[in-house]
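# Topology and contacts: notes
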Amino acid sequence: FDVGGSRFRDAMQFFIAEYRAHGIEFDEIYVWTANKQGGEAYWKGTPEELRGAVQPRLTLFDGVLVTAEPGGVHNPVSKIFDVCQDTDFCVFKLDMDSPTSEMSLVAQILEFSRRRGPLIDELFFKHHVRGPMESLGRQGARHLAGERLEETFADSYALFSSLRTLGIRAHSWI
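Residues numbered from 1 in each chain as written. Predicted model: local features only at pLDDT ≥ 70, side-chain atom pairs only at ≥ 80, totals over all residues. Heavy atoms only, no water.

Our focus in this paragraph is the overall build of the chain. Helix and strand counts for the chain stand at 6 helices and 8 strands. Listing each helix as α and each strand as β along the chain from the N terminus yields β-α-β-α-α-β-α-β-α-β-β-β-α-β. The buried share among the 174 residues of the chain stands at 43%. Expressed as a percentage of contacts within the chain between residues at least 6 apart in sequence, the contacts between residues at least 24 apart total 72%. Per element, the accessible surface of the chain, about 9,200 Å² overall, is 53% carbon and sulfur. (Helix = DSSP H or I, 4+ residues; strand = E, 2+ residues; numbered from the N terminus. Buried < 20%, exposed > 50% of the residue type's maximum accessible area, 1.4 Å probe, protein only. Contact = heavy atoms within 4.5 Å. Areas by Shrake-Rupley, 256 points an atom, 1.4 Å probe, with all protein chains shown as cover.)

Next up on the list: the packing of helix α5 (residues 99-116) against helix α6 (residues 153-165). Where α5 meets α6, the axes come as close as 10 Å, and the angle between the chain directions of the two elements is 30°. When the axis of α5 is compared with that of α6, the two are roughly parallel. Crossing geometry of α5 relative to α6 is assigned as left-handed. Residue-level inspection shows Met103, Val106, Ile109, Leu110 and Arg114 of α5 in contact with α6, the latter providing Leu159, Ser162 and Leu163. Residue composition of the contact of α5 with α6, grouped by class: 6 nonpolar, 1 polar and 1 charged. (Axes fitted to C-alpha atoms, helices over the stretch in contact; angles between N-to-C directions. Parallel < 35°, antiparallel > 145°, perpendicular 65-115°, else oblique. Left-handed = near helix turned anticlockwise from the far one by under 90°. Nonpolar A, V, L, I, M, F, W, Y, C, P; charged D, E, K, R; others polar.)

Now for the packing of aromatic side chains. As enumerated under the stated definition, the model contains 14 aromatic pairs in all. For the pair phenylalanine 14 and tryptophan 173, a centre-to-centre distance of 6.2 Å together with 45° between the ring planes defines the contact as tilted. Of this pair, phenylalanine 14 sits in helix α1 (residues 12-21) while tryptophan 173 sits in the segment after β8 (169-172), and the two are 159 residues apart along the sequence. Taken together, a centroid distance of 5.1 Å and an interplanar angle of 65° make the contact between tyrosine 19 and phenylalanine 26 edge-to-face. Given the relative accessible area of 8%, tyrosine 19 is considered buried. On the basis of relative accessible area, phenylalanine 26 is assigned to the buried category, the value being 13%. (Phe/Tyr/Trp six-rings, centres within 6.5 Å; stacked < 30°, edge-to-face > 60°.)

This is the structure:
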C-alpha cells in the first residue's frame with residue numbers, strides 16, 4: 001500500500017527491489033496519487049521487464065484523494081483491514097504531505113491493532129514534525145498542505161514506539 005505515490009520509480013521500485021531481494025513478492029499493490037498524471041506518466045522510466053511483471057498486480061488510484069474517514073472507499077487503512085489477513089505480509093507507506101489526515105490514519109492503525117492485533121507488518125511513515133530539521137526538505141516554513149505542524153521529535157519517538165510495541169515494524173520515511 002503506497003499512499004502518496006508519485007511515480008513507480010520514486011518509491012515503489014525501491015520497495016519491489018528490496019523485498020524481492022529477501023524473497024518476498026507482493027501479490028497485490030495499491031497506490032494512491034493525489035495528482036492525476038495518467039498511467040504512462042506513473043510508469044515512465046520503469047524498465048519494461050519490471051513493469052510487465054508488476055503492473056498486473058498494481059491498482060493505481062490516479063488523481064484520487066485519500067480520505068481519513070473510517071470505512072471510506074479511499075481510506076487505505078480501511079482497505080488494509082478489508083483485504084489483508086493474518087497470514088499476509090502487508091506493507092504500508094504513508095507520505096501524502098497532509099499531517100492531519102496522516103495522523104488520523106495512524107490513529108486508526110493504532111486503534112484497530114490494539115483491538116484485533118496488527119495486520120500491517122511494516123509501516124514506512126513520514127511523520128512531519130516541528131524541530132531543527134524542519135526547514136530542510138519539502139515541508140518548509142512549518143506548513144504542509146496549509147497545515148501547521150504541532151508534533152515534535154519526542155512525539156514521533158513515542159508514536160513509533162507505540163506502533164512497534166503492537167508488533168508493527170514502523171520506520172521513518174523521508
